[in-house]
Amino acid sequence: MKLKFWLRWSYRDAREHWLQVLAIALILALGTGVYSGFGKQKEWRIESLDKSFAMLAMYDLHMELTDGSYLEGPALEAALAHIEGVAMVETRLLVPTLIDASKGGETILYPGRLVGLDLSNGGPHINKLNITEGARLSEADINSNRVVIDHLFTSYRKLSPGDTVKIAGDFELDFVGRGQTPENLMIMPGTGGFMENENTFAIMYMSRASVQRLSGRAGLVNDVVFLFNKNTDPDAVIAEINKVMAANFADTGFNLTKKTDDKVYNAMYTDARGDQRFWNIIAGLFLFGAAMATFNLAGRIVESQRRQIGIGMALGVKRPLLALRPILLGLQIALIGTIFGLAVGYIFSQAIAGIFDDFYPLPYWRNPFFIESYINASIVGLIVPVVATLFPVWRAVRVQPIDAIQTGYLVAKGGGLSYLMEYVPVPGKSYMQMPFRNILRSPWRSLLTMLGVSIAIMLLIAMSGILDTFQRTIHQGSDFYIKSQPNRLNVVLDTFYPINSERISQIQALEQDGQPLFSKVDVGLIMVGEYVNHDDEEMLAVIDLFDPETALWQPTLKEGQLPDGQRGIVISEKAADDLGVEVGDTVRVALPIREGLLSYRMEETDIPVVGIHDNPLRMQAYMSLNQADLMNMQGLANTLTLYPAKGVTTEEMRRVMFAQPGVASVQLVSDIASSFEEAIEIFNVVMMMIQGVVVILAFLIAFNSTSINVDERVREIATMFAFGLPIRTVIRMQVVENLITGLIGTILGVLFGYFAIVWMVKGQVADMIPDIQFDIHIALATFVTASVLGIVVVGLTPLLSIRKFLRMDIPSTLRVME
Amino acid sequence: MITLEHVSKKYAMGAVTVTALNDVSLCIKEGEFVVVLGPSGSGKTTLLNMVSALDIPTSGKITVAGKDITAMSRMKQFDFRRNTVSFIFQSFNLFPSLTAEENVQFVLDMYAHRSNQPRAQAVLESVGLGLRYKHFPHELSGGEQQRVAIARALATGNPVLLADEPTGELDFKTGVQILHLLMAQAGNGRTVLVVTHNREISRIADRVIELSSGEIVRDGAPEAGKAPIADLHW
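Residues numbered from 1 in each chain as written. Chains lettered and ligands numbered in written order. Predicted model: local features only at pLDDT ≥ 70, side-chain atom pairs only at ≥ 80, totals over all residues. Heavy atoms only, no water.

Engineer: Would you mind showing me how to read the overall build of chain B here?
Structural biologist: Assigned secondary structure in chain B consists of six helices and ten strands. Seen along its three principal axes, the alpha-carbon backbone of chain B occupies a region of about 50 × 45 × 35 Å. When the 234 residues of chain B are sorted by exposure, 57% land in the buried category. Pairs at least 24 apart in sequence give 70% of the contacts found in chain B among residues at least 6 apart. With the model as given, the accessible surface of chain B reaches about 9,200 Å², and the carbon-plus-sulfur share is 50%. Treating the 23 positive side-chain charges of chain B as one cloud and the 24 negative ones as another, the clouds have centres 4 Å apart. (Helix = DSSP H or I, 4+ residues; strand = E, 2+ residues; numbered from the N terminus. Buried < 20%, exposed > 50% of the residue type's maximum accessible area, 1.4 Å probe, protein only. Contact = heavy atoms within 4.5 Å. Areas by Shrake-Rupley, 256 points an atom, 1.4 Å probe, with all protein chains shown as cover. Lys, Arg positive; Asp, Glu negative; His and termini not counted. Charge placed at Lys NZ, Arg CZ, Asp CG, Glu CD.)

Here it is as structure tokens:
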């Protein structure tokens, strides 16, 4: 027989089951589409980063003077001018400040940083400013009040060029554009203030002279960027710089960072690579789920043709030829699915690219639809339905042809596990017991339906559960800060002040309308150090030194105790796990040691771990203020925690503090929550998009599974109709059967989903986002959604068969069931 | 009990219209044992489907137990099938997940409002399956399955019993047992309408309606008079 004949026949099969074929193809399309949409994200992100960093002339080496240290710009430039291998040097002045961009009744008052750039000769030439909206800065802007503000902050706060912007000292700036330099594509926690992020920390770019004028640091700089000649050895340059600095500025501490060690630069590449792993998992899970569902559903369509296969066997048709028709049906499903998958993949990849573009507005973003990953997914998409159709053919040809053909009493096939009903008393009439019996009668078929439902629920639980885990972590983190004393303000001072200094005393004594502004002021120190593990690897540590005996707000502990004046540190559970320590052990911490008036060096110190706190952020650590001598900081403070007096609002406190000299940052403790959100926001947004897709996928799988199930029982249903059992009763029976199937499928799906989450969170996310502790959490809403989809929707699917039942040709259906 | 007045049934098969029944009129009395005889395609199953309200005629009127089933709504048709007619199928159509007793109980549960319901086991005993009531259909022989199907139909207590080739899948001996049961029902006042292509079966009927190409070609007592079941052979 010619292939054309088989093609035509299989086309008729597809047409006969068109709704199921279409639904399976859509499932396959979502699987292949999502897989290909995620597939080569790493490649296009890295390519875009490479080109963007090159276009913006990202520095090769970065020198930061130790916090609070400044040097005369010309002197520093002169000293560094002739280092071999260096093509260009630019000095900058970075100054902490506050931004007040309040408008329309909304208070936008946040900490920030002024970045004074060298605009001479068309500069900056290193770490160029990428303007995303509005005007750029030019040489004409030297010493002007024109400012370009960070793209992400202004986007989040809905600020546009032309809006009124003030900074600390009540200076009004001319906001002319939005933009970013490459080292500020993201705000790394702990580097500029307390818990700042892109939404709560504003980086403002001006001319260097402008920042010097506004900060009262005429001629001073504290930041240098270097661009190397080709093939320059960075270590040689570093050695030379160390020599020059020692010779010229021996008392000034500084830190040198190679481009490849830059936290932001690294994070962008690490994220691109690490994220790919996560997206691969999601995409793989998606494709696996879709493939399993396709296997299940396509197989069952063929299963229903077993009698025809038996007829073929009786006619002596060779087995390979018997398989041809189901294979061609599988191919049709595969082709439709993969063609749809192309569209889904394209839409999906563009949607993801759009999300990334919003998060990281690079000057170059290439986000093509990668055909390679589509082909990979399509191979799976083509193979699975074909293999799925072979399985029932194999099952069919194992029996004698007569058994496959028989429509008489032999077709009863046995009662499966129905006899078990003897031991399970089910109340109600016999026809309401039938759903239970039907499930037990064909365990294999029931299991397939349950697996179909469970795959859908597994995907839903896995995807939503990841999102829930992220959200739970955000809430856990914010709860840590705000569950007690939520109205306090965290203030970071611009430098270290003696605790009994006039500056701090003045702040403590601030009044409003003749009444004290604060009910209490706690002084403290925030120091940025690093944990050092056994392999000498370093991890960021933000150490908050406070007085545990008097501080109103105190960290909540999971175990151990607060530092009691003895040497000791309270660290996060994540840090303890990663460092392999517990309460009673010691941890090695690199601490900044004050050397000169405003200069510091880092020194490693072993400190006993006295407690584990409840903050999911790994870097957060607490020590007693009386341990400040470890850093040669005894009697000094750089942070204040302000508690409002009765009748004083946090906004009023912020406004007053904004005008205070010496204040670098004023942060509402409630804003800290957004630090957590920021850390995982991109995952959050993409996962929300995926969640939408997974609900559609789950519905399609659930609908198809139960729809096929109803088809398989159509002859029994016709018999019931022949006896006058009303449609509503038959539907009720189907609903009950589906509810049971859905319930078991949902329970299985929840279990599979939970294991998938454990594997993803503990095995993968922990590697990709090492700074945060994620405790697995599946929200009640997720369980409800899964239950609605897996039990209610599956349960109600027979309602969609009402029309089919109403139009049923009962006599024909009674005679033969195909 | 059953009246057909100028009943026709036509099917559109693509561009061709097939007439399954053509202007058929007949009247069957209560308690009659009627065999509808005819070759394949003669319209006998269509006739059965019409009488049972499984299908509606293209034209004409059908009255069963005083009810005009051609004018009934779909819901009323379900009520009619539940309360007036009972089926026995050639391929039995038992529910495979239910035991013999439960298959019978299934229909009894549909009539739970009726008083004096027979018990499922009692009905099974009446068809000679008193010891097999706990068995599933696949554990029963073909004849036993058909007896369960008859028991199921009897349990409804409906006045009209419709059987579509009830012995079609059975051997002679078992077929005869089934015919005995059906005849006994007619003796109990039920109207029994058996559709078959087996001319031998028509010998035991009170009345034989022979169809050919959708038309009645003969209607009356068996040509050689009503024969006892013992005389049957095929």
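Right, picking up where we left off after that structure.
Engineer: Would you mind showing me how to read a negative patch on the surface here?
Structural biologist: On the surface, a cluster of negative charge is contributed by A:D535, A:D536, A:E537 and A:E538. Within the secondary structure, A:D535 sits in the loop between strand 16 (518-532) and strand 17 (538-546). (Patch = residues over 30% accessible without salt bridge, like charges linked within 9 Å, V, L, I, M, F, W, Y side chains within 5 Å. Salt bridge = Lys/Arg side-chain N within 4 Å of Asp/Glu carboxyl O.)

Engineer: In this structure, what is going on with the domain arrangement of chain A? I would like to understand it.
Structural biologist: How big an interface is tends to be stated in terms of the accessible area lost upon association of its parts. Residue and element names in this part refer to chain A. Annotation of chain A at the domain level lists domain 1 (1-58 + 262-411), domain 2 (59-258), domain 3 (414-485 + 672-818) and domain 4 (486-671). Each side of the interface is counted separately: domain 1 has 40 residues, and domain 3 has 46 residues. For the pair domain 1 and domain 3, the interface holds zero salt bridges. Joining domain 1 to domain 3, the criterion identifies zero residue pairs in polar contact (both at pLDDT 80 or more). Residue assignment for the side of domain 1 that touches domain 3 shows that the elements contributing at least two residues are helix 2 (18-39), helix 8 (263-303), helix 9 (306-314), helix 10 (319-359) and helix 11 (371-397). When residues in the side of domain 1 that touches domain 3 are grouped by element, the largest group, 17 residues, is from helix 8. Partitioned by chemical class, the residues of the side of domain 1 that touches domain 3 number 28 nonpolar, seven polar and five charged. (Domains from an automatic or database assignment. Polar contact = N/O pair within 3.5 Å; in protein donor to acceptor, adjacent residues only side chain to side chain. Nonpolar A, V, L, I, M, F, W, Y, C, P; charged D, E, K, R; others polar.)

Engineer: Explanation requested: empty space enclosed by the protein in the structure shown.
Structural biologist: Over the atoms rolls a probe the size of a water molecule, and in doing so it shows where empty space is left. Residue and element names in this part refer to chain A. In this structure the tally under the stated criterion is three cavities of 30 Å³ or more. In this structure, the largest cavity occupies an estimated 240 Å³ of space. Lining the largest cavity are 22 residues, with N490, D544, F546, W553 and T641 positioned closest to its centre. Elements supplying a minimum of two residues to the lining of the largest cavity: strand 13 (489-498), strand 16, strand 17 and strand 23 (636-644). (1 Å grid on protein atoms, 1.4 Å probe; cavity = no way out; pocket = protein on both sides within 12 Å on 5 of 7 lines; lining within 4 Å. Points joined across faces, edges and corners; volume = space filled by probe spheres on them.)

Engineer: Can you walk me through a positive patch on the surface in this structure?
Structural biologist: Positive charge collects at one region of the surface, where A:K2, A:K4, A:R8, A:R12 and A:R15 lie side by side. Along the chain, A:R12 falls in helix 1 (residues 3-16).

Engineer: What exactly am I supposed to notice about the pairing of strand 6 (residues 85-88) of chain B here?
Structural biologist: Every regular strand shows the same layout, with side chains that alternate between the two sheet faces. All names here are of chain B. With burial as the criterion, each face of strand 6 is covered, one bearing V85 and F87 and the other bearing S86 and I88. In this structure, strand 6 lies alongside strand 7 (residues 160-164), joined through four bridges in parallel fashion. Following the sheet pairing, S86 is matched in strand 7 by L161. (Pairing = 2+ DSSP bridges.)

Engineer: What exactly am I supposed to notice about the environment of A:S454 here?
Structural biologist: By the secondary structure assignment, A:S454 is in helix 14 (residues 443-482). Not counting the four nearest positions on each side in its chain, A:S454 is found in contact with A:G745, A:L748, A:G749 and A:F752.

Engineer: I would appreciate a short explanation of the pairing of strand 8 (residues 191-196) of chain B in the present structure.
Structural biologist: Residue and element names in this part refer to chain B. Most of strand 8 is tucked away: six of the six residues are buried. Burial of strand 8 is two-sided: the residues T191, L193 and V195 facing one way and the residues V192, V194 and T196 facing the other way are all buried. Relative to strand 8, strand 3 (residues 33-37) is paired through five bridges, and the arrangement is parallel. By the bridge assignment, V36 is partnered in strand 8 with V195. Pairing between strand 7 and strand 8: five bridges, direction parallel. Its bridge partner lying in strand 8, L162 is registered against L193. Handedness of the β-α-β unit built from strand 7, helix 6 (residues 172-187) and strand 8 comes out right-handed. (Right-handed = clockwise from strand over helix to strand, strands pointing away.)

Engineer: Would you explain the packing of helix 1 of chain A against helix 10 of chain A in this entry?
Structural biologist: When two helices pack together, their arrangement is given by the angle between their axes and by how far apart the axes lie. Residue and element names in this part refer to chain A. Packing of helix 1 against helix 10 brings their axes to within 9 Å, and their N-to-C directions diverge by 55°. One way to sum up the angle between helix 1 and helix 10 is to call them oblique. Regarding helix 1 and helix 10, the two cross each other, and that crossing is right-handed. Facing helix 1, whose interface residues are L3, W6, L7, W9, S10, Y11, D13 and A14, helix 10 presents L321, L324, R325, L328, L329 and Q332. (Axes fitted to C-alpha atoms, helices over the stretch in contact; angles between N-to-C directions. Parallel < 35°, antiparallel > 145°, perpendicular 65-115°, else oblique. Left-handed = near helix turned anticlockwise from the far one by under 90°.)

Engineer: How do you make sense of the nonpolar core when you look at a structure like this?
Structural biologist: One broad trend across soluble globular proteins is that nonpolar side chains are buried collectively. One finds A:F38 and A:I690 to be the most contacted residues of the largest nonpolar core, which totals 111 residues. Considering every element that reaches this core, the biggest residue donor is helix 8 of chain A, with 19 residues. The residues contacting A:I690, other than those within four sequence positions of it, are A:F38, A:W279, A:I282, A:F286, A:F348 and A:M463. Counting residues in hydrophobic clusters, the runner-up holds 96 residues, among them B:I2, B:M72, B:L179 and B:L232. (Core = buried A, V, L, I, M, F, W, Y, C linked by side-chain atoms within 4.5 Å.)

Engineer: What is the right way to read the sheet that holds strand 5 (residues 67-68) of chain B from this model?
Structural biologist: Consider a sheet: its strands pair through backbone hydrogen bonds, and that pairing is either parallel or antiparallel. Residue and element names in this part refer to chain B. Taking strand neighbours across the sheet as the criterion, the four strands line up as 2-1-4-5 in an open arrangement whose pairing is antiparallel. Looking along the sheet, the strands with just one partner apiece sit at the ends: strand 2 (16-28) and strand 5. In the sheet, strand 1 (residues 2-13) pairs with strand 4 (residues 59-64) via five bridges, with the strands oriented antiparallel. Following the sheet pairing, E5 is matched in strand 4 by K61. Contacting strand 1, strand 2 and strand 4, helix 1 (residues 44-51) crosses the sheet at an angle of about 120° to strand 1.

Engineer: Before we go on, may I ask you to explain the sheet that holds strand 7 of chain B in this structure?
Structural biologist: Residue and element names in this part refer to chain B. On the basis of which strands lie adjacent, the open sheet formed by six strands has the order 6-7-8-3-9-10 and mixed pairing. With one partner strand each, in any of the chains shown, strand 6 and strand 10 (215-220) form the two edges of the open sheet. Looking at each pair of strands side by side, their axes are set apart by 20° on average, direction ignored. The strands touched by helix 1 are strand 3, strand 6, strand 7, strand 8 and strand 9 (207-212); relative to strand 8, the strand with the most contacts, the crossing angle is about 150°. Contacts from helix 5 (residues 142-155) reach strand 6 and strand 7 within the one sheet, and its direction differs from that of strand 6 by about 175°.

Engineer: How do you make sense of the interface of chain B and chain A when you look at a structure like this?
Structural biologist: Contacts between the two partners involve 36 residues from chain B, matched on the other side by 35 residues from chain A. For chain B, the biggest contributors to the area lost against chain A are B:F78, B:S97 and B:F106; these three give 17% of the whole. Our count for the chain B to chain A interface comes out at three residue pairs in polar contact (both at pLDDT 80 or more). When residues of the side of chain B that touches chain A are traced back to their parent elements, those giving at least two are helix 1, helix 2 (74-83), helix 3 (100-110) and helix 5 of chain B. If you tally residues by element for the side of chain B that touches chain A, the top one is helix 3 of chain B, at six residues. (Buried area = accessible area lost by both parts, 1.4 Å probe.)

Engineer: Hey, could you run me through helix 5 of chain B in this one?
Structural biologist: Given 3.6 residues per turn, any residue in an α-helix points the same way as the ones three and four places further on. All names here are of chain B. With 14 residues, helix 5 ought to run about 20 Å at 1.5 Å a step, and its terminal C-alpha atoms sit 20 Å apart, in line with that. The buried count for helix 5 comes to 14 of 14 residues, which makes it a mostly enclosed element. One or two steps after helix 5, the chain reaches G157, where phi turns positive at roughly 75°. (Expected span 1.5 Å × (residues − 1).)

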